[in-house]
Amino acid sequence: YTHEWEGVWMDGEGGLLAIMENEEGAFTFTLDVVRGPTYHVGSIGGPAKWNGSTARFSTPSLDEEGETWLTFLKRGVKLEVLGENTSSFHGARAYFDGQFVRVGELTEEDRKSILSHEN
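How each quantity is defined
- Residues numbered from 1 in each chain as written.
- Predicted model: local features only at pLDDT ≥ 70, side-chain atom pairs only at ≥ 80, totals over all residues.
- Heavy atoms only, no water.
- Helix = DSSP H or I, 4+ residues; strand = E, 2+ residues; numbered from the N terminus.
- Rg over C-alpha atoms; globule rule 2.2 N^0.38 Å.
- Buried < 20%, exposed > 50% of the residue type's maximum accessible area, 1.4 Å probe, protein only.
- Contact = heavy atoms within 4.5 Å.
- Areas by Shrake-Rupley, 256 points an atom, 1.4 Å probe, with all protein chains shown as cover.
- Lys, Arg positive; Asp, Glu negative; His and termini not counted.
- Charge placed at Lys NZ, Arg CZ, Asp CG, Glu CD.
- Polar contact = N/O pair within 3.5 Å; in protein donor to acceptor, adjacent residues only side chain to side chain.
- Phe/Tyr/Trp six-rings, centres within 6.5 Å; stacked < 30°, edge-to-face > 60°.
- Core = buried A, V, L, I, M, F, W, Y, C linked by side-chain atoms within 4.5 Å.
- Pairing = 2+ DSSP bridges.
- Axes fitted to C-alpha atoms, helices over the stretch in contact; angles between N-to-C directions.

Visitor: An account of the overall build of the protein chain is needed here, citing residue identities and associated values.
Guide: A tally of helices and strands in the protein chain yields one helix and eight strands. Reading the secondary structure of the protein chain in the N-to-C direction produces β-β-β-β-β-β-β-β-α. By the compact-globule yardstick of 14 Å for 119 residues, the protein chain fits well, its C-alpha radius of gyration being 13 Å. Counting only C-alpha atoms, the protein chain reaches 40 × 30 × 25 Å along its principal axes. Put simply, the protein chain has 119 residues, and 42% of those count as buried. Taking as baseline every contact in the protein chain between residues at least 6 positions apart, the subset at least 24 positions apart corresponds to 44%. When the accessible surface of the protein chain is totalled, it reaches about 6,500 Å², and 53% of it is carbon and sulfur. Here the protein chain holds 10 positive side-chain charges and 20 negative ones, and the gap between their average locations is 5 Å.

Printed below as a string of structure tokens:
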């Protein structure tokens, strides 16, 4: 199968998404953001399941929000990220949502960084 999701993706607004496909229907990712003139930062990552052009990641929130979800929607060359209950993973003005485009292949360093998020 082809690595449709794998690679380094950017949204042009301080968001960097790295995706490594593990097997059919699954990938591991890291998503780091730096938003706005005051540099509000955020970081999240882990395993996601995909089916066709949609993928989902969920994890217990770090506070009382309930579950944190990220939904990935692949639309042609763009990858849209939608977050729900994500505030415990980023600063006040940071956010994970955005339209990302693939800007390159993963390096070995990227792979190591992504794998360190799995544990």
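Visitor: Explain the side chain of Thr-28 to me, using residue names and the numbers behind them.
Guide: Among the structural elements, Thr-28 can be located in strand β3 (residues 26-35). Looking at Thr-28, its side chain comes within polar contact range of the side chain of Asn-22, at 2.9 Å.

Visitor: Which residues make up the packing of aromatic side chains, and what are the values?
Guide: Under the defined criterion, the tally for this structure stands at six aromatic pairs. Both rings, one in Trp-5 and one in Trp-50, keep their centres 6.1 Å apart while their planes meet at 45 degrees; by these two values the pair is tilted. Here the residue Trp-5 occupies a position in the segment before β1 (7-10), and Trp-50 occupies one in strand β4 (residues 40-51), the gap between them amounting to 45 residues. Comparing Trp-5 with Trp-50 shows no difference in burial state: the two are buried.

Visitor: Describe the nonpolar core, listing the residues and the values that go with them.
Guide: Counting 21 residues, the largest nonpolar core has Leu-17, Phe-27, Phe-29, Leu-31, Leu-70 and Phe-72 as the members making the most contacts within it. Take this core: its biggest share by element is four residues, from β3. Listed in part, the five residues of the second largest apolar core include Val-8, Met-20, Leu-106 and Ile-114.

Visitor: Tell me about the pairing of strand β8 (residues 98-104), and name the residues and values.
Guide: The pairing of β1 with β8 spans three bridges and is antiparallel. Following the sheet pairing, Val-8 is matched in β8 by Gly-104. Of the pairings in the sheet, the one linking strand β7 (residues 78-84) to β8 comprises four bridges and is antiparallel in character. Looking at the pairing, Glu-80 lines up with Gln-99 of β8.

Visitor: Run through the environment of Gly-15, naming residues and quoting values.
Guide: Along the chain, Gly-15 turns up in strand β2 (residues 15-23). Taking the C-alpha atoms as reference points, Gly-15 and Ser-43, 28 residues apart in sequence, are found 9.8 Å from one another. With near-sequence residues (within four places) excluded, Gly-15 lies in contact with Trp-9, Met-10, Asp-32, Val-33, Arg-35 and Phe-100.

Visitor: Break down the sheet that holds strand β5 (residues 54-60) for me, with residues and values.
Guide: The sheet built from eight strands closes into a barrel, its strands ordered β1-β2-β3-β4-β5-β6-β7-β8 with antiparallel pairing. Along the sheet, successive strands turn relative to each other by an average axial angle of 30 degrees, direction set aside. Where β3 lies against β4, ten bridges are found, and the strand directions are antiparallel. Each bridged residue has a counterpart across the sheet, and for Val-33 the counterpart in β4 is Gly-42.

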